[in-house]
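Working through the structure, step by step
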Amino acid sequence: MKRWQRLEPTIVKKFGYRTMVTKTFRLPDGTVKDYTTKDAEGSGAACVLALTTDNKVIVAHQFRPGPERMMDELPGGMIEAGETAEQAAWRELREETGYEPGELTYLGDVRYDAYTNSSRHYFFAINCRKVAEPSLDEGEFVTLKLITSSNLLKMPRLAI
């Protein structure tokens, strides 16, 4: 299979903190087609499966406007300009939970789907210690949960 040829111009539109990117491609059969994708090209997020020193899993419980419900999530967030995925994971864990990892291991990255430009980087943290109170962004309201690993496996709706 031949790689598609990307044509210009690329159209970028911002909607609040969301970005939509329209890309034009010449397909292998010669036709030209536009595809609208979400998130800025090259953007990413980091999240952490974090265990405390007594092996409790740190979970962020918060309301999410898309599904309009409370969700249990692994702590994490967007990678900021000039920041590595590891630095973002460390920062987000501390900001959302007040915990810092004793050891942080990179697990890999995942693309959500065929129409998303960003990637999500996953980390595993052990020996996490509470070092501060959470420092949440404006409009962010997180309740911290510490659960056992066996209870984590029983949570089918954990957002990762």
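Anything mentioned here points back to the structure above.
Let me sum up the structure you'll find in this document. (Residues numbered from 1 in each chain as written. Predicted model: local features only at pLDDT ≥ 70, side-chain atom pairs only at ≥ 80, totals over all residues. Heavy atoms only, no water.)

Comments concerning the overall build of the chain
The condition is simple: To qualify as a helix, a DSSP run of H or I must reach at least 4 residues; to qualify as a strand, a run of E must reach at least 2; elements of each kind are numbered from the N terminus. Note on exposure labels: buried denotes an accessible area under 20% of the residue type's maximum, exposed denotes more than 50%, and partly exposed covers the range between, all computed with a 1.4 Å probe on protein chains only. Contacts were defined at the residue level, with two residues in contact if any of their heavy atoms lie within 4.5 Å. Residue burial considers only the protein chains on display, and all accessible areas are found by Shrake-Rupley using a 1.4 Å probe.
For the chain, the helix and strand inventory stands at two helices and eleven strands. When its helices and strands are written in sequence order, the chain yields β-β-β-β-β-β-β-α-β-β-β-β-α. C-alpha extents for the chain along the principal axes are approximately 60 × 35 × 35 Å. Relative to its full complement of 160 residues, the chain shows a buried share of 39%. Here the analysis covers contacts within the chain between residues at least 6 apart in sequence; of these, 56% occur between residues at least 24 apart. Of the accessible surface of the chain, which amounts to about 10,100 Å², a share of 53% is contributed by carbon and sulfur atoms.

Brief notes about unusual backbone geometry
The omega torsion across E8 and P9 is 10°, close enough to zero to call that bond cis. Mapped onto the secondary structure, P9 falls in strand β1 (residues 5–15). Residues other than glycine seldom take positive phi values, yet E68 does so here, at roughly 55°. On the secondary structure map, E68 appears in the loop between β5 (57–64) and β6 (69–73).

Focus on the pairing of β5
As a reminder, the rule being used: Should DSSP find at least two bridges between two strands, the strands are regarded as paired.
The element β5 is largely enclosed, with a buried count of six among its eight residues. As paired elements, β5 and strand β11 (residues 143–147) share five bridges and run antiparallel to each other. Residue pairing in the sheet places H61 in a bridge with T143 of β11. The sheet contact formed by β5 and β6 spans five bridges and is antiparallel. Directly across from A60, in β6, lies its bridge partner E73. Counting the residues between successive antiparallel strands, the hairpin from β5 to β6 contains four residues, one of them, E68, with a positive phi of roughly 55°.

With respect to the side chain of T116
In plain terms, the rule: Any pair of N or O atoms that falls within 3.5 Å is considered a polar contact. Within protein, one atom must be able to donate a hydrogen and the other to accept it, and sequence-neighbouring residues count only if both atoms are side-chain atoms.
Assignment of secondary structure puts T116 in the loop between β9 (103–111) and β10 (119–130). A relative accessible area of 7% means that T116 is categorised as buried. At 2.9 Å, the side chain of T116 and the side chain of D113 are in polar contact. Those residues within four positions of T116 in sequence are excluded, and the remaining contacts are K38, D39 and R111.

Quick notes on the nonpolar core
Under the convention used in this document: The criterion is simple. A nonpolar core is a set of buried Ala, Val, Leu, Ile, Met, Phe, Trp, Tyr and Cys residues joined through side-chain atoms within 4.5 Å.
The biggest cluster of nonpolar side chains holds 13 residues, and the ones touching the most others in it are V48, A50, F123 and C128. For this core, the elements supplying multiple residues, two or more each, are β4 (44–52), α1 (85–97) and β10. Top element by residues in this core is α1. It accounts for four residues. Apart from residues lying up to four places away in sequence, A50 is in contact with K56, V57, I58, L93, A125 and C128. Within the second largest apolar cluster, five residues are counted, among which are L51, V59, I147 and L152.

What to know about the packing of aromatic side chains
Keep this limit in mind: For this analysis, a ring pair means two rings from Phe, Tyr or Trp (six-membered ring only for Trp) whose centres lie within 6.5 Å, classed as stacked if their planes differ by under 30 degrees, edge-to-face if by over 60, and tilted for the remaining angles.
Within the structure shown, the criterion is met by five aromatic pairs. With a centroid separation of 5.5 Å and an interplanar angle of 35°, the aromatic rings of W4 and Y35 are classed as tilted. Here W4, found in the segment before β1, pairs with Y35, found in strand β3 (residues 32–38); they are 31 residues apart in sequence, far enough to count as distant. We classify Y35 as buried; its relative accessible area is 15%. Ring geometry for F25 and Y35: centres 6.2 Å apart, planes at 65°, overall edge-to-face. Residue F25 is located in strand β2 (residues 18–26), and its partner Y35 is located in strand β3; the two are separated by ten residues in the primary sequence. Judged on exposure class, the residue F25 and its partner Y35 are both buried.

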